[in-house]
Amino acid sequence: MSIETRPPTTTREDVYLDGAFVPSASTGRCAVVNPATEDLLGEVPGGSADDVERAVAAASRAFDGWAALGAPERAASFAGLGELIERHADELVELIVAEVGVTLAWARDVHVGRLAANIANLLRLGDQMPAPQGIGQSMVVREPAGVVGSISPWNYPFGFFTKVVPALVAGCTVVTKPSEVAPFSVYRLTELIDELGLPPGVFNVVMGAGPVAGAALAGHPGIDVVTFTGSVRTGRQILEAVAPNITRPILELGGKSAAIILEGAPFEQAVRGTLWNCYMNNGQVCGAQTRLLVPRSRMADAAEIAAAAASGYVPGPPLDPGTTLGPVVNSAQHARVLGYIRSALAEGATLVCGGPERPAGLERGYFVAPTVFADVQPDMTIAREEIFGPVLSILGYEDEDDAVRIANHSDYGLSGAVWAESDEEAVRIARRLRTGQVQINAGVFNGLAPFGGFKRSGMGREGGVFGLLEFSEVKSMQLPAGSPLTVAQ
Ligand code: NAD
């Protein structure tokens with residue numbers, strides 16, 4: 001059957017506990033909808049505290065045996081996964097397109113294509129656990145943090161890998177809850193992980209709605225670390241849920257990142273690069289550069305270049321090879337994005353292209369026209385709040401200090417960019433930004449570099465060795481004088 005005609009999913013009623021797919025104890029169901037057609041794709045369990053209970057029990061039982069292995073050995077357990085993913089890449093791509101609505105090319109190249117690189121990186125993580133360190137008469141070691149609860153969003157369903165895999169390599173066992181909005185791709189990936197034959201209970205997947213399954217997981221006393229990616233609103237609920245048990249939270253939340261273009265930077269490349277960054281994944285990326293800061297005198301040039309670049313984005317069915325912009329993920333998100341566009345019009349921003357009307361010829365699906373606003377003021381709603389759709393705001397600044405002040409005038413601090421004549425100049429400005437990542441000129445994303453936020457963008461870091469160490473506890477052992485175990489310093 002071709003990708004266009006096959007029904008992409010069926011309803012599922014199971015969860016993955018203790019090394020096997022078993023029926024969920026959920027009574028309710030979550031509907032999964034194709035954002036491009038608004039058709040029902042299927043249903044998944046609505047979530048149940050009983051599933052979470054069984055999953056945490058399995059992870060707790062598996063912990064001692066898994067923690068006793070060396071990190072390289074744990075990492076090596078995933079060695080066959082890259083090949084399995086390559087062999088089943090088309091199925092995974094199909095599921096991502098159906099439930100997230102991203103274009104076929106983006107699903108293939110980024111959502112699925114980058115998984116292989118992630119796996120290669122995780123195999124390397126096995127060698128990066130720090131050796132015991134000597135401090136005075138003490139030996140300081142890293143121990144696995146325990147049982148990890150992972151809760152992830154729908155925009156990159158396989159993004160849970162950047163949490164779960166470092167946790168497993170660090171010696172933790174895991175219960176993960178994917179988003180109920182895009183669960184079928186995670187089911188399929190879990191089937192592939194099952195083929196690896198990890199010890200039962202090391203990796204468990206529960207399904208369901210956030211307030212049911214997610215809340216039960218975050219608040220479970222058997223969980224030692226909760227690693228969460230999602231909205232600030234849910235991040236606050238997670239903090240409340242972990243408080244009674246003093247469970248360690250790692251939070252990757254939203255963003256409203258600024259790209260600053262300084263005088264002397266390659267202007268057209270910088271404007272086009274920022275628009276691309278803002279629109280990728282149909283405008284649904286936490287680190288998206290959604291505020292473009294240009295010298296006030298260049299506002300008209302920036303608007304013209306951005307409009308020309310935006311006109312190259314073709315909204316349409318994600319499987320259509322001519323489509324370069326798919327829909328946003330669901331009706332709630334669609335209404336939210338259009339609401340932000342209307343707020344910008346009401347607050348006096350200049351609409352350069354796009355707007356709240358449906359793109360021509362698309363009567364169904366949650367499509368948003370590629371939209372650019374110019375003359376956006378720092379206190380306007382669209383300059384302050386995360387939109388999560390293809391909407392770029394262009395703001396003018398007077399001088400470097402003003403640019404830095406506007407960029408930092410945000411509750412968020414996840415990402416950003418500085419474009420300048422030289423990398424040195426860009427780094428000088430980047431050091432003044434209150435944000436966790438900064439793209440310097442045309443620098444590209446590096447999955448091994450730490451990723452995470454300042455301010456309300458979260459706490460903790462993912463990626464590479466920084467992400468790995470989040471899943472460890474530090475233990476100091478005070479040795480007697482002259483002990484043969486003394487570590488050289
Ligand atoms: P969301 O907060 O609505 O949901 C995220 C996850 O939390 C889902 O699995 C959901 O079921 C669960 N959840 C919801 N309520 C819960 C509760 N009360 N207790 C426990 N779990 C609960 O976010 P979303 O709409 O799925 O994703 C979009 C958001 O995620 C955006 O704000 C985006 O910026 C953010 N995000 C951040 C990053 C990052 O790395 N910083 C990456 C991707 C997305």
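Anything mentioned here points back to the structure above.
Please read these numbers as outputs of a predicted model, since none were measured by experiment. (Residues numbered from 1 in each chain as written. Predicted model: local features only at pLDDT ≥ 70, side-chain atom pairs only at ≥ 80, totals over all residues. Heavy atoms only, no water.)

Novice: I tried to follow the site of the ligand on my own but got confused; where do I start?
Specialist: Close to the ligand lie 29 residues, the nearest being Ser 152, Glu 180, Ser 231, Leu 253 and Glu 386. The contact in question runs from an oxygen atom of the ligand to an N or O atom on the side chain of Ser 231, over 2.7 Å. Within the contact set of the ligand, an oxygen atom lies 2.7 Å away from a side-chain nitrogen or oxygen of Thr 234. For the ligand, the accessible surface in isolation is 850 Å², of which the surrounding protein chains cover 88%. Among the elements of the structure, helix H8 (210-218), strand S10 (225-229) and helix H9 (232-242) are those that each provide at least two residues to the shell around the ligand. (Near = heavy atom within 4 Å. Polar contact = N/O pair within 3.5 Å; in protein donor to acceptor, adjacent residues only side chain to side chain. Areas by Shrake-Rupley, 256 points an atom, 1.4 Å probe, with all protein chains shown as cover. Helix = DSSP H or I, 4+ residues; strand = E, 2+ residues; numbered from the N terminus.)

Novice: What is the right way to read the side chain of Asn 34 from this model?
Specialist: By the secondary structure assignment, Asn 34 is in the loop between strand S3 (29-33) and strand S4 (40-45). Not counting residues within four places of it along the chain, the set of residues in contact with Asn 34 comprises Asp 39, Leu 41 and Ala 98. (Contact = heavy atoms within 4.5 Å.)

Novice: How should the packing of helix H4 (residues 89-100) against helix H7 (residues 184-194) be read in this particular structure?
Specialist: The description of two packed helices rests on the angle between their axes and on the distance between the axes. Interaxial distance between H4 and H7 falls to 8 Å at its minimum, and their mutual angle equals 160°. As the angle between them shows, H4 and H7 are arranged roughly antiparallel. Pair H4 / H7 crosses with left-handed handedness. On H7, the residues that touch Glu 91, Leu 92, Leu 95, Ile 96 and Glu 99 of H4 are Phe 184, Ser 185, Arg 188, Leu 189 and Leu 192. (Axes fitted to C-alpha atoms, helices over the stretch in contact; angles between N-to-C directions. Parallel < 35°, antiparallel > 145°, perpendicular 65-115°, else oblique. Left-handed = near helix turned anticlockwise from the far one by under 90°.)

Novice: How do you make sense of the sheet that holds strand S18 (residues 416-419) when you look at a structure like this?
Specialist: In sheet architecture, strand pairing relies on hydrogen bonds along the backbone and comes in two forms, parallel and antiparallel. Spatially, seven strands are ordered S14-S15-S16-S13-S12-S18-S19 in an open sheet, and the strand pairing comes out mixed. Looking along the sheet, the strands with just one partner apiece sit at the ends: strand S14 (350-353) and strand S19 (439-440). Alignment of strand S12 (residues 257-261) against strand S13 (residues 289-295), held across four bridges, turns out to be parallel. Paired with Ser 257 across the two strands is Gln 289, which belongs to S13. The strands that helix H10 (residues 267-283) touches are S12, S13, strand S15 (371-374), strand S16 (391-397), S18 and S19; relative to S13, the one it contacts most, it runs at about 160°. (Pairing = 2+ DSSP bridges.)

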